[in-house]
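Here's the letter readout for the chains.
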Amino acid sequence: MISFYRTDDRKIHEEGSIVPGSWINMIDPTMTEGELIAKRLHIDIQDLLAALDEEESSRVELEDGYTLILVDIPTTEIRHDKEAYTTIPLGIILTEDVIITVCTEETPVLQAFINGRVKEFSTKKKMRFVYQILFRVAALYQTDLRIIDKKRTEIEERIDDDTEDVDLIDLHALESTLVYFATSLRANGAVLDRLTRYKRLEQYPDDKDLLSDVIVENRQAIEMTTIYRDIINGTRELMSSVLDNRLNNVMKMLTIVTLIMGVPTLISGIYGMNVASKWMPLANTPHGFAIICMIIVVVCVVMLLVLRRKKLL
């Protein structure tokens, strides 16, 4: 899908075709659509559709007549029947007259511009537009990181009540997501560093200030990722310790039950031996069976008291 936008008097409206100073937004374009735009604007089709490859790395390339900027942005996907976070490439191409964005799916980063929620936004000020996009990307990372930490908190609150193995799996998924985020954020940081050095890209003082803000926001997102990953690692270790402790308690209880039940089993086994009754104590005594049962009960009670005093029960 291809959409054309242009801002006039700080208001964005959709155009029917390519006009100078416009923004071309391409969402999962077909090869035919890509070839059409590439031929019209004299762009290499491989560069134009580079963002459609999920394995593409973040980078900046200066070509004849245009500049390609690739960054990773956060998004959600369904993994094991659950919503999970991942990253996808976003391509930004600057030509002399227009700016092009290419992505495999709709993203809140660009929807904010389409819906007019970004102040001081103009499709004619291409570098500022790029920095505003990158600023929204860093802000979206921070928002998703806070949601991830909230999910971790919900799992942590269940540790004392009904912690299950699935919680460990969920924590591992969150930790894996943070690894992806950290990798993407560092790559985006390298792109931002390159943008500060390229003289070919015309920048105004306000644009440089905005780029500095983007770099700060990206570094803050990296720090948040590191902190949350350490916290999740600690939570996972705590949960594993709790589960191990519960297993130890169960095994201890089963051992105590086995020990106590061994007394009546031992006595009944001795009296069940095929020997003459005259050699068995209380065999011919009136109420001998009841006396033996009482002895068993007393021995078991004494064992329980001893175990309790030793703090084993």
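Chains are numbered independently. Their residues run from 1 in the order of the written sequence. The predicted origin of the model limits local features to residues at a pLDDT of at least 70 and limits the giving and counting of side-chain atom pairs to 80 or more, whereas totals for whole chains, interfaces and linings rest on all residues. To obtain the side-chain values, all non-hydrogen atoms of the structure were used and water was disregarded.

**Thoughts on unusual backbone geometry**
Line of reasoning, step 1. One non-glycine residue, Asp28, lies in positive phi territory at about 45°.
Line of reasoning, step 2. Take Asp28: it is sitting in the loop between strand E3 (23-27) and helix H1 (31-41).
Line of reasoning, step 3. Non-glycine residue His42 carries a positive phi angle of around 60°.
Line of reasoning, step 4. With respect to the element layout, His42 can be found in the loop between H1 and helix H2 (45-48).
Line of reasoning, step 5. Residue classification places His42 among the exposed positions, given a relative accessible area of 67%. Only DSSP runs of H or I with at least four residues qualify as helices, and only runs of E with at least two residues qualify as strands; both kinds are numbered from the N terminus onward. Per-residue accessibility, obtained with a 1.4 Å probe over protein chains only, is compared with the maximum for each type, and a residue is labelled buried under 20%, exposed over 50%, and partly exposed between these values.

**A look at the nonpolar core**
Line of reasoning, step 1. Of all hydrophobic cores here, the largest spans 52 residues; its most connected members are Trp23, Ile69, Tyr131, Ile133 and Leu195.
Line of reasoning, step 2. If you list the elements that add at least two residues to this core, you get strand E5 (66-79), strand E6 (82-95), strand E7 (99-103), helix H3 (108-114), helix H4 (126-157), helix H5 (165-197) and helix H6 (205-271).
Line of reasoning, step 3. Tallying contributions element by element places H4 first for this core, with 12 residues.
Line of reasoning, step 4. Only buried residues count toward a nonpolar core, which is a set of Ala, Val, Leu, Ile, Met, Phe, Trp, Tyr and Cys residues joined through side-chain atoms within 4.5 Å. Counting 20 residues, the second largest nonpolar core, distinct from the first, contains Ala38, Leu41, Ile43 and Leu49.

**What about the pairing of strand E1 (residues 2-8)?**
Along any regular strand the residues' side chains alternate between the sheet's two faces.
Line of reasoning, step 1. Judged by how many residues are buried, E1 sits mostly within the fold: six of seven residues are covered.
Line of reasoning, step 2. At least two DSSP bridges between two strands are needed for those strands to be called paired. The sheet contact formed by E1 and E3 spans four bridges and is antiparallel. Along E3, the bridge assignment pairs Tyr5 with Trp23.
Line of reasoning, step 3. Two elements, E1 and strand E2 (residues 11-15), share five bridges in a ladder whose sense is antiparallel. Bridge pairing in E2 places Thr7 opposite Ile12.
Line of reasoning, step 4. Linking two consecutive strands that pair antiparallel, namely E1 and E2, is a turn of two residues; a positive phi of about 55° is found at Asp9 within it.

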